[in-house]
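Remarks on the overall topology
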Amino acid sequence: DSGVTQTPKHLITATGQRVTLRCSPRSGDLSVYWYQQSLDQGLQFLIQYYNGEERAKGNILERFSAQQFPDLHSELNLSSLELGDSALYFCASSVGVGPTYEQYFGPGTRLTVT
Amino acid sequence: GESVGLHLPTLSVQEGDNSIINCAYSNSASDYFIWYKQESGKGPQFIIDIRSNMDKRQGQRVTVLLNKTVKHLSLQIAATQPGDSAVYFCAETGGSNYKLTFGKGTLLTVNP
């Protein structure tokens, strides 16, 4: 158990809909990262927050947004969903900023768009 | 552009054998590398890392080798066990100071 929790575990929704994925980092970690894992693209970095502020953006679509709240939990919002958005979404947390801080991954949320 | 790739998508070994998983990278600015293990239904888990000023680093039953000349990274697992069955990813930072770039992964299957 990494100490990172994600809800829900599974989500099935229709195209055009909007969903929210939630992540609680390990106790004491200030950074939260979001990743998308699909069969064709592998594990792709989406966005990072540190202590409530956005610190880095990766391959995140404009239809997607995220935020980190004062209690450090984070939410990833996916809107106008398309079939191609079906994937595993992982949250990871670390103590500090930067990729050399060990990232602890949650169990993921499996999103299926039908 | 940047890319991190794996030579073999699958690897099958016998229990007790040593396993070697390979990874090629193309960004010469890469200065930090990590191996992750992902078991079925779980998120990736850190195994071992290495900085570009090293060519070898050892952990418990695992060794990472880095050859900067040919931009190649390998993970060696000694005395492979059934619990080692998983997908293994290499990741590198490249010239980035904020993100990791992951390879596609190699599926390791350990046969009893």
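Residues numbered from 1 in each chain as written. Chains lettered and ligands numbered in written order. Predicted model: local features only at pLDDT ≥ 70, side-chain atom pairs only at ≥ 80, totals over all residues. Heavy atoms only, no water.

**Section: the overall build of chain B**
Scanning chain B from terminus to terminus reveals zero helices and eleven strands. Moving toward the C terminus, one meets the helices and strands of chain B in the order β-β-β-β-β-β-β-β-β-β-β. Its C-alpha atoms give chain B principal-axis dimensions of roughly 40 × 25 × 20 Å. For chain B, the proportion of its 112 residues judged to be buried stands at 44%. Within chain B, counting contacts between residues at least 6 apart in sequence, those at least 24 apart form 53% of the total. Just so you have it, chain B exposes about 5500 Å², and 47% of that area is on carbon and sulfur atoms. Treating the 10 positive side-chain charges of chain B as one cloud and the 9 negative ones as another, the clouds have centres 3 Å apart. (Helix = DSSP H or I, 4+ residues; strand = E, 2+ residues; numbered from the N terminus. Buried < 20%, exposed > 50% of the residue type's maximum accessible area, 1.4 Å probe, protein only. Contact = heavy atoms within 4.5 Å. Areas by Shrake-Rupley, 256 points an atom, 1.4 Å probe, with all protein chains shown as cover. Lys, Arg positive; Asp, Glu negative; His and termini not counted. Charge placed at Lys NZ, Arg CZ, Asp CG, Glu CD.)

**Digging into the pairing of strand S9 (residues 86–92) of chain B**
Residues and elements named next belong to chain B. For S9, the tally of buried residues reaches six of seven residues, placing the bulk of the element in the interior. Relative to S9, strand S4 (residues 32–38) is paired through six bridges, and the arrangement is antiparallel. Note that in S9 the partner of Phe33 across the bridge is Glu92. Bridge count for S9 against strand S11 (residues 106–111) is three bridges, and the pairing is antiparallel. (Pairing = 2+ DSSP bridges.)

**Quick look at the environment of B:Arg57**
All names here are of chain B. With respect to the helices, strands and loops of the structure, Arg57 is situated in strand S6 (residues 56–58). For the pair Arg57 and Ser74, spaced 17 residues apart in sequence, the C-alpha to C-alpha distance is 11 Å. Excluding anything up to four places from it in sequence, Arg57 contacts Ile48, Asp49, Ile50, Val62, Thr63 and Val64.

**Side note on the pattern of salt bridges**
Residue and element names in this part refer to chain A. If you walk through the whole model with that rule in mind, you get seven salt bridges over all chains. The shortest N-O distance in the salt bridge between Glu82 and Arg63 comes to 3.7 Å. In this pair, Glu82 is assigned in the loop between strand S8 (74–78) and strand S9 (87–94) and Arg63 in the loop between strand S6 (53–57) and strand S7 (64–68), connecting sequence segments 19 residues apart. Under the relative-accessibility criterion, Arg63 is labelled buried at 18%. The salt bridge involving Asp85 is made with Arg63; its shortest N-O contact spans 2.8 Å. Of this pair, Asp85 sits in the loop between S8 and S9 while Arg63 sits in the loop between S6 and S7, and the two are 22 residues apart along the sequence. (Salt bridge = Lys/Arg side-chain N within 4 Å of Asp/Glu carboxyl O.)

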